[in-house]
Amino acid sequence: MPKTVVGVSGSLGCLTALHRAAAEARLRRAELWAVLAWETPGGELGGRYSAHVSAVAQCRATAGDRLREALDAAFGPGRPEVTVQGITVWGSPGAALVGCAQDPDDLLVVGTEARGPLRRLLHRSVARYCQTHAVCPVLAVPPSPLLATYDTTHRRNLWHMPLDSREAARPVQ
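Chemist: When you look at the environment of Asp-103 in this model, what are you seeing that I'm missing?
Modeler: Structurally, Asp-103 is set in the loop between helix 4 (93–100) and strand 4 (107–111). Sequence separation between Asp-103 and Met-1 is 102 residues; the distance between their C-alpha atoms is 9.8 Å. Beyond its immediate sequence surroundings of up to four residues, Asp-103 is in contact with Val-135 and Cys-136. From its side chain, Asp-103 meets the backbone nitrogen of Asp-105 in a polar contact 2.9 Å long.

Chemist: When you look at the pairing of strand 1 (residues 3–7) in this model, what are you seeing that I'm missing?
Modeler: Taken residue by residue, a regular strand's side chains alternate between the two faces of the sheet. With 5 of its 5 residues buried, strand 1 lies for the most part within the structure. With burial as the criterion, each face of strand 1 is covered, one bearing Lys-3, Val-5 and Gly-7 and the other bearing Thr-4 and Val-6. When strand 1 meets strand 2 (residues 31–38), the two strands line up parallel, connected through 5 bridges. Looking at strand 2, one finds that Thr-4 is bridged to Leu-32. Pairing geometry for strand 1 and strand 4, over 3 bridges, is parallel. Residue Val-5 lies in a different strand from strand 4, and its bridge partner there is Leu-108.

Chemist: Looking at this structure, I do not really get the packing of aromatic side chains. What am I missing?
Modeler: Given two aromatic rings, one states the distance between the centres and the angle between the planes to describe the pair. This structure, assessed with the given rule, holds 1 aromatic pair. Ring geometry for Trp-38 versus Trp-90: centroids 5.2 Å apart, planes at 10 degrees, classification stacked. Of this pair, Trp-38 sits in strand 2 while Trp-90 sits in strand 3 (residues 84–90), and the two are 52 residues apart along the sequence. Looking at Trp-38, the relative accessible area reads 6%, which means it is buried. When its relative accessible area of 43% is taken as the criterion, Trp-90 is described as partly exposed. Between Lys-3 and the ring centre of Trp-33, over which it is positioned, the NZ or CZ distance is 4.8 Å.

Reading the values: rules and limits
- Counting restarts for each chain: residues are numbered from 1 in the order of the written sequence.
- In view of the model being predicted, local features appear only for residues whose pLDDT reaches at least 70, and side-chain atom pairs are presented and counted only at 80 or more, with totals across whole chains, interfaces and linings using the full set of residues.
- Hydrogens and waters are ignored; side-chain quantities use all the structure's heavy atoms.
- Helical segments are the DSSP runs of H or I of at least four residues, strand segments are the runs of E of at least two, and each set is numbered from the N terminus.
- Here a residue-residue contact requires only that any non-hydrogen atoms of the pair lie within 4.5 Å.
- Any N or O atom pair separated by 3.5 Å or less is treated as a polar contact, with the protein-specific requirement of one donor-capable and one acceptor-capable atom, and with residues adjacent in sequence counted only for side-chain atom pairs.
- Per-residue accessibility, obtained with a 1.4 Å probe over protein chains only, is compared with the maximum for each type, and a residue is labelled buried under 20%, exposed over 50%, and partly exposed between these values.
- Strands are labelled as partners when DSSP assigns at least two bridges between them.
- Working definition: a ring pair exists when centres of Phe, Tyr or Trp rings (six-membered ring for Trp) sit within 6.5 Å. Plane angles under 30 degrees give stacked, over 60 give edge-to-face, the rest tilted.
- Whether a charge lies above a ring is judged from NZ of Lys or CZ of Arg, which has to be within 6 Å of the ring centre and within 35 degrees of the ring normal.

Written as structure tokens, this is what we have:
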């Protein structure tokens, strides 16, 4: 059975991707796999040399909790009209998503976000990794326009800049 694999990070931006993936899974009559990748603190080296198995188990449990919270935030108590499987994978997000979408009939859905030059330098793009390495089609979903308005307002609030209510009330293009 084909599947629609979607990356979940627990961020507001992933909610748009989750909704789009559910719609695509419904259209394709496919299962929806919501995948949350997690790593131990310190990345790969932290997990490799950690003598504390309980720390890894705690990270795995926290990832499961974040996945459940993201699915509840996206769909509420009622799930979409497709079979949903929540999967947590230990590893980097791009590799985890590509690893879950191995069949050419699958669809991989990833959220994108506006990224400034500094953020592009420090963090690799998961969407770009998936587009480069996936064997199936990849659907890159841009963030909701409301998220951009939220981010702008949040930034202005952090810097204690005055908020203009007319700017928040203007229609989204």
